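One-letter residues, chain by chain:
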There are 4 protein chains.
Amino acid sequence: MIVELSVVPIGVGESLSKYISDVLRLLEERGVKYQLNPMGTVVELEAFSELGELLEDIRKHLEMKGAPRIYFVVKIDWRKKGTSMEYKIESVKKKLGKS
Amino acid sequence: MIVELSVVPIGVGESLSKYISDVLRLLEERGVKYQLNPMGTVVELEAFSELGELLEDIRKHLEMKGAPRIYFVVKIDWRKKGTSMEYKIESVKKKLGKS
Amino acid sequence: MIVELSVVPIGVGESLSKYISDVLRLLEERGVKYQLNPMGTVVELEAFSELGELLEDIRKHLEMKGAPRIYFVVKIDWRKKGTSMEYKIESVKKKLGKS
Amino acid sequence: MIVELSVVPIGVGESLSKYISDVLRLLEERGVKYQLNPMGTVVELEAFSELGELLEDIRKHLEMKGAPRIYFVVKIDWRKKGTSMEYKIESVKKKLGKS
């Protein structure tokens, strides 16, 4: 499944990039392939249990870094036949005549 | 933590209420307290692992019901000091002078 | 169309209920019918231009109240045949055997 | 402001890439700079009225292409001091030691 995570720590001021870089470091430590975009981070996961663990890791870490509140927006695209980040982008670009 | 789930089965036609009622039945079977609204279902969960299990249950069930693809939007509000669905609504209404 | 707004002012501390009550007051002043839930506010709108105006009103107001940054999550359900907040809830409850 | 659009036509089958490529073509015709990712499309907009117009254009077009229902998820990051897609990515990468 493809998942986009948006993680918004609340109560730590206006600038959040420091916290987002921590989230990316966690993804790297877990060996999760990711694509950063200006509004979120897209990952491929095998199972919902993996998503639960990842979110818990992020929460623990940001709590440790001082965040009293965290707002998450998680979008998930699950397909029975499977999918990948590359496949999704390619199939759009092909129809756009750009690949 | 407070979680809003929006579950959108794709490839099963335009009307989705049958699938949403199945999701609510799953919540009831699991003993999860929920509030249905026109754009999602709000629940209180103890842990991210519980969220992972719940999403997996929903996915399995909707796949069984014939959905080849499922799109989820999950919003999560976690607070260190704890929170509840009632508390969130009440604190807004109080400031609005309505409780 | 049915729209759920989640408005998250950033850089104004951990407690946000004061700002949410301001958003609801704006909706009341504009005569927009709304349903508050613990994770957002659901409204019925006629057109996307109305959504644009509403979001701009909210932004202006929260900026005036001191928010240096605002994060919005907006979910929209548009149907050609029309829909309503009540209809969506009723059609799910009917299938659940609860209406 | 930075905006991520996720557009999900409902009732047109499982494969959606054809519709997404149409959305991108609309963005190009309007001269809106965009970044496609596997879960959405990120754009920079000047005003909420521009967002309203863009969503209305997308709706009209997808209705014409046969979609009886459209689900949108729109995330917006507005900052008083201004921001850009590049700035957001760069400030995260810098903290990650990758730029």
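Each value, and the rule that gives it
Residues numbered from 1 in each chain as written. Chains lettered and ligands numbered in written order. Predicted model: local features only at pLDDT ≥ 70, side-chain atom pairs only at ≥ 80, totals over all residues. Contact = placed C-beta atoms within 7 Å. Helix = DSSP H or I, 4+ residues; strand = E, 2+ residues; numbered from the N terminus. Nonpolar A, V, L, I, M, F, W, Y, C, P; charged D, E, K, R; others polar. Pairing = 2+ DSSP bridges. Axes fitted to C-alpha atoms, helices over the stretch in contact; angles between N-to-C directions. Parallel < 35°, antiparallel > 145°, perpendicular 65-115°, else oblique. Left-handed = near helix turned anticlockwise from the far one by under 90°. Least-squares fit on C-alpha atoms with pLDDT ≥ 70 in both. Core = buried A, V, L, I, M, F, W, Y, C linked by C-beta atoms within 7 Å. Buried ≥ 20, exposed ≤ 12 C-beta atoms within 10 Å, placed from the backbone.

Colleague: Account for the interface of chain D and chain C, naming residues and giving values.
Modeller: Contact with chain D, which involves 21 residues of that partner, is made by 21 residues of chain C. Those elements giving two or more residues to the side of chain D that touches chain C turn out to be α2 (48-64) and β4 (69-79) of chain D. Looking at the side of chain D that touches chain C, the element that brings in the most residues is β4 of chain D, giving 11 residues. For the side of chain D that touches chain C, the class distribution of residues is 11 nonpolar, two polar and eight charged. Inspection of the sheet shows strand β4 (residues 69-79) of chain C paired to β4 of chain D by 11 bridges, in the antiparallel sense. Residue pairing in the sheet places aspartate 77 of chain C in a bridge with tyrosine 71 of chain D of β4 of chain D.

Colleague: Describe the packing of helix α1 (residues 17-29) of chain A against helix α2 (residues 48-64) of chain A, naming the residues involved and giving the relevant values.
Modeller: Residues and elements named next belong to chain A. Contact pair α1 / α2: the axes reach a minimum separation of 10 Å and the direction vectors enclose 135°. The angle between the axes of α1 and α2 places the two elements in the oblique class. As for the relative orientation of α1 and α2, their crossing is right-handed in sense. Facing Tyr19, Asp22, Val23 and Leu26 of α1, the residues of α2 in contact are Asp57, Ile58, His61 and Leu62. The residue makeup of the contact of α1 with α2, split by class, is five nonpolar, one polar and two charged.

Colleague: Give a detailed account of the relation of the copies chain D and chain A, specifying residues and quantitative values.
Modeller: Of the transformation superimposing chain D on chain A, the axial component is 0.0 Å and the angular component is 180°, with the fit at an RMSD of 0.0 Å. Read as a symmetry element, the transformation amounts to a two-fold axis. Every residue of chain D has its C-alpha some distance from the rotation axis, and the shortest such distance is that of asparagine 37 of chain D, at 3.6 Å. Comparing interface residues between copies, 100% of those in chain D also sit at the interface in chain A, which points to an isologous, same-surface contact.

Colleague: Lay out the sheet that holds strand β1 (residues 2-10) of chain B with the relevant residues and their values.
Modeller: In spatial order, the strands read β2(A)-β3(A)-β1(A)-β4(A)-β4(B)-β1(B)-β3(B)-β2(B); together these eight strands make up an open sheet with antiparallel pairing. The sheet terminates laterally at β2 (34-37) of chain A together with β2 (34-37) of chain B, the two strands that pair on one side only. For this sheet, the mean inter-axis angle between neighbouring strands, taken without regard to orientation, is 20°.

Colleague: Which residues make up the relation of the copies chain D and chain C, and what values go with them?
Modeller: Mapping chain D onto chain C leaves a residual RMSD of 0.0 Å; the transformation is a rotation of 180° accompanied by 0.0 Å of translation along its axis. The residues that chain D uses at the interface reappear at the interface of chain C in 100% of cases, marking a shared surface.

Colleague: Outline the nonpolar core, supporting the account with residue identities and numerical values.
Modeller: The biggest cluster of nonpolar side chains holds 124 residues, and the ones touching the most others in it are Phe72 of chain A, Phe72 of chain B, Phe72 of chain C together with Phe72 of chain D. Each residue touching phenylalanine 72 of chain A, except ones within four places of it in the same chain, is listed here: Leu5, Ser6, Val7 and Leu55 of chain A together with Lys75 and Ile76 of chain B.

Colleague: Go over the environment of glycine 66 of chain C with me, naming the residues and quoting the values.
Modeller: Relative to the elements of secondary structure, glycine 66 of chain C occurs in the loop between α2 (48-64) and β4. By the C-beta count within 10 Å, which is 11 here, glycine 66 of chain C ends up exposed.

Colleague: A description of the sheet that holds strand β3 (residues 40-44) of chain D should follow, citing residues and the corresponding values.
Modeller: Taken together, the eight strands give an open sheet; going across it, the order is β2(C)-β3(C)-β1(C)-β4(C)-β4(D)-β1(D)-β3(D)-β2(D), and neighbouring strands pair in antiparallel fashion. Of all the strands in the sheet, just β2 (34-37) of chain C together with β2 (34-37) of chain D have a single pairing partner and so form its edges. Taken pair by pair, the neighbouring strands of this sheet meet at an average axis angle of 20°, ignoring direction.

Colleague: If you had to explain the pairing of β2 of chain A to someone new, which residues and values would you point to?
Modeller: Residues and elements named next belong to chain A. Across four bridges, the pairing between β2 and strand β3 (residues 40-44) is antiparallel. For glutamine 35, the partnering residue across the bridge sits in β3 and is valine 42. What sits between β2 and β3 in their antiparallel hairpin is a turn of two residues.

Colleague: Provide a residue-level description of the packing of helix α3 (residues 85-96) of chain A against helix α1 (residues 17-29) of chain D, including the pertinent values.
Modeller: For the pair α3 of chain A and α1 of chain D, the least separation of the axes is 8 Å and the interaxial angle reads 60°. One way to sum up the angle between α3 of chain A and α1 of chain D is to call them oblique. Crossing angle aside, the handedness with which α3 of chain A passes α1 of chain D is right-handed. Touching Ser91, Val92, Lys95 and Leu96 of chain A of α3 of chain A are Ser17, Lys18, Ile20, Ser21, Leu24 and Arg25 of chain D, all from α1 of chain D.

Colleague: Tell me about the interface of chain D and chain A, and name the residues and values.
Modeller: The partner chain A presents 26 residues to the 26 residues of chain D that form the contact. Elements that contribute at least two residues to the side of chain D that touches chain A include exactly β1 (2-10), α1, β2, β3, β4 and α3 (85-95) of chain D. Classifying every residue of the side of chain D that touches chain A gives 12 nonpolar, seven polar and seven charged.

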